[in-house]
Amino acid sequence: MGSGGAGGRFDLPEADAFSRTYWDAAAEGRLLVRRCGACGRAHHYPREFCPHCWSEDVRWEQASGRATLYTWSVVHRNDLPPFGERVPYVAAVVDLVEGPRLMTEVVESEAGDLRVGMAVEAVFREAGEFRVPVFRVCVAP
Ligand SMILES: [Zn+2]
């Protein structure tokens, strides 16, 4: 997802029949992960098989949207549209409470205020006809 290039933008997801479920939920502000019926682990980004044990017994599950901040980096330069208009922004990796690690962006915070392990929560940002999950620091614990 997200390799993009359509319409000269590089932030738009590409939905296929499989990922449509994910993007439809995101449009409603719900974050989905995939949970394996064989080993019980969740994963993200969505795949049709479990990346931990290769089982195909995987289902959609609605995630809480809660996560902790694992690492981040301030991006000062990105020549791919529309990121150039958005710099600087905080590219981040977060660990969902359900387990999966997710590459995303932290919004509404200065990088200097961020700490490893901070509680963050998913919010959804418009991206063309899609809404993509980004994260902000939780106000309340
Ligand atoms: Zn599995």
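Worth saying up front: this structure is predicted, and the values here are computed from it rather than measured. (Residues numbered from 1 in each chain as written. Predicted model: local features only at pLDDT ≥ 70, side-chain atom pairs only at ≥ 80, totals over all residues.)

## Some points on the overall build of the protein chain
To be explicit about the condition: Only runs of H or I of at least four residues qualify as helices and only runs of E of at least two qualify as strands under DSSP, and these elements are numbered from the N terminus. A pair of residues counts as a contact when their C-beta atoms, built from backbone coordinates, are within 7 Å of each other.
Per the secondary structure count, the protein chain includes one helix and eight strands. N-terminal to C-terminal, the α/β element order of the protein chain is α-β-β-β-β-β-β-β-β. C-alpha atoms of the protein chain, sized along the principal axes, occupy 40 × 40 × 25 Å. A separation of at least 24 residues holds for 49% of the contacts in the protein chain among residues at least 6 apart in sequence.

## A short note on unusual backbone geometry
In this model, His 44 is joined to Tyr 45 through a cis peptide bond whose omega is 5 degrees. With respect to the helices and strands, Tyr 45 occurs in the loop between β2 (42-43) and β3 (58-62). Here the residue pair Val 87 and Pro 88 is connected by a cis peptide bond, since its omega of -10 degrees sits within 30 degrees of zero. One non-glycine residue, Trp 54, lies in positive phi territory at about 70 degrees. Relative to the helices and strands, Trp 54 resides in the loop between β2 and β3.

## Describing the confidence of the model for the protein chain
Rules: Confidence of the predictor at the level of single residues is given by pLDDT, which spans 0 to 100.
Here the protein chain shows a mean pLDDT of 91. Residues at 70 or above account for 94%. Residue range residues 1-5 is modelled with pLDDT below 50. Its contacts to residues more than four positions away, or to other chains, number eleven contacts.

## A short note on the nonpolar core
For clarity, the cut-off: Nonpolar cores are identified as sets of buried Ala, Val, Leu, Ile, Met, Phe, Trp, Tyr and Cys residues joined via C-beta atoms within 7 Å. Around each residue's C-beta, the other C-beta atoms within 10 Å are counted; 20 or more make the residue buried, 12 or fewer make it exposed, and counts in between make it partly exposed. All C-beta atoms are placed from the backbone.
Core analysis: the largest hydrophobic core is formed by 18 residues, its most contacted members being Ala 92, Val 94, Val 106, Val 120 and Phe 135. Within the residue set of this core, elements represented by two or more residues are α1 (20-27), β1 (32-36), β4 (66-75), β5 (89-96), β7 (119-127) and β8 (130-137). Counting residues per element, this core draws most heavily on β5, which supplies four residues. If we skip the residues at most four places from it in the chain, Ala 92 touches Leu 69, Thr 71, Trp 72, Thr 104, Glu 105, Val 106 and Phe 135.

## A closer look at the pairing of β8
Spelled out, the test is: In this analysis, strands are considered paired if DSSP registers two or more bridges between them.
Pairing analysis gives eight bridges linking β7 to β8, with the strands arranged antiparallel. Considered in β8, the bridge of Glu 126 is made with Arg 131. The antiparallel hairpin formed by β7 and β8 contains two residues in its connecting segment, where Gly 128 sits at a positive phi of about 65 degrees.

## Thoughts on the sheet that holds β3
Paired through their backbone hydrogen bonds, the strands of a sheet run either parallel or antiparallel. A sheet is described by the order of its strands in space; here three strands give the open sequence β2-β1-β3, paired in antiparallel fashion. In this open sheet, the two strands that pair with only one neighbour each are β2 and β3. Sheet topology note: the β1/β3 ladder contains five bridges and is antiparallel. Bridged to Arg 35 within β3 is Arg 59.

## Details of the environment of His 76
Assignment of secondary structure puts His 76 in the loop between β4 and β5. C-alpha of His 76 to C-alpha of Pro 88: the two residues are twelve residues apart in sequence and 4.5 Å apart in space. Dropping the residues within four chain positions of it, His 76 is found in contact with Val 87 and Pro 88.

## A word on the environment of Pro 51
Relative to the helices and strands, Pro 51 is located in the loop between β2 and β3. A count of 15 C-beta atoms within 10 Å places Pro 51 in the partly exposed class. Sequence separation of Pro 51 and Cys 36 is 15 residues, and the distance between their C-alpha atoms is 9.2 Å.

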